Amino acid sequence: MALIKPEENEYGLTPFGLEQLRNTKTRMSRTLIEWTGGGFVWNVCTGCTGAFGALGVPCEYCYANKKASNPFYKKAFPNKFNVTFHEDRLFQPLKEKEPAIIFADSMSDLFCAGVKPWQTQAIFSSIHIAKQHQFVILTKSPENIEKYLYGKEADYYLGGGD
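Calculation criteria
Residues numbered from 1 in each chain as written. Predicted model: local features only at pLDDT ≥ 70, side-chain atom pairs only at ≥ 80, totals over all residues. Heavy atoms only, no water. Helix = DSSP H or I, 4+ residues; strand = E, 2+ residues; numbered from the N terminus. Buried < 20%, exposed > 50% of the residue type's maximum accessible area, 1.4 Å probe, protein only. Contact = heavy atoms within 4.5 Å. Areas by Shrake-Rupley, 256 points an atom, 1.4 Å probe, with all protein chains shown as cover. Phe/Tyr/Trp six-rings, centres within 6.5 Å; stacked < 30°, edge-to-face > 60°. Salt bridge = Lys/Arg side-chain N within 4 Å of Asp/Glu carboxyl O. Pairing = 2+ DSSP bridges. Right-handed = clockwise from strand over helix to strand, strands pointing away.

1. As for the overall build of the chain
Looking only at helices and strands, the chain features 5 helices and 7 strands. What you see in the chain, going N to C, is helices and strands ordered as α-β-β-β-α-β-α-β-α-β-α-β. In the chain, buried positions account for 43% of the 162 residues. Long-range pairs, those at least 24 residues apart, make up 68% of the contacts in the chain with a sequence separation of at least 6. Of the roughly 9900 Å² of accessible surface on the chain, 57% is carried by carbon and sulfur atoms.

2. Focus: the packing of aromatic side chains
Any pair of aromatic rings gets described here by the distance separating the centres and the angle formed by the planes. Applying the stated rule across the entire model yields 6 aromatic pairs. Between F72 and Y73 the ring centres are 5.1 Å apart and the planes differ by 85°, which places this aromatic pair in the edge-to-face class. For Y73, a relative accessible area of 25% corresponds to the partly exposed category. A ring pair is formed by F77 and F81, whose centres lie 6.0 Å apart and whose planes are at 45°; its orientation type is tilted. Relative accessible area serves as the criterion here: at 8%, F81 is assigned to the buried category.

3. Here we look at the pattern of salt bridges
In this structure the tally under the stated criterion is 1 salt bridge. The partner of R27 in a salt bridge is E96, with the nearest N and O atoms 3.0 Å apart. With a gap of 69 residues between them, R27 in the loop between α1 (15–22) and β1 (29–30) and E96 in the loop between α3 (92–95) and β5 (101–104) connect regions that are remote in the sequence.

4. A few points about the pairing of β5
Here strand β2 (residues 40–42) pairs with β5 via 3 bridges, running parallel. When the bridges of β5 are listed, V41 appears paired with F103. Looking at chain direction, β5 and strand β6 (residues 134–139) are connected through 3 bridges and run parallel. Within the sheet, the bridge partner assigned to F103 lies in β6 and is V136. Crossover β5 to β6 through helix α4 (residues 117–129) is right-handed.

Nothing here speaks to function; it is all geometry.
What follows is the structure, given as structure tokens:
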């Protein structure tokens, strides 16, 4: 196999990254969430450590935690609501050529303590490569955003709150 230099492919990926892209078998799910305009949800991570807050009780309005306990969603939450990184989903946005709004990690909190820094960096690398899309990331841990994003080009929208 001839090595492809990163600058010789449309995404600027290394040969390893191109192989990962080729091996991405699944696609993102379309969503009915109104503000995505018929876009997608992209759940590279599922689960959250922030869902139990300082008092040890689940966030009152956490729909993802409720889904994780439903047997119907067992495949989506293989470790119940423990943080799980689905590496096989990392390059899914590159499979979609048409520009779209993508709700990233709708079933997790990308900035919770359970998501490792290298996982967050991998997700933002994929976001940076998929320039045709707009990404929306919501968090209940806004205090962790700055350490990941300071000085980065904005290919995404961030929101947070209680």
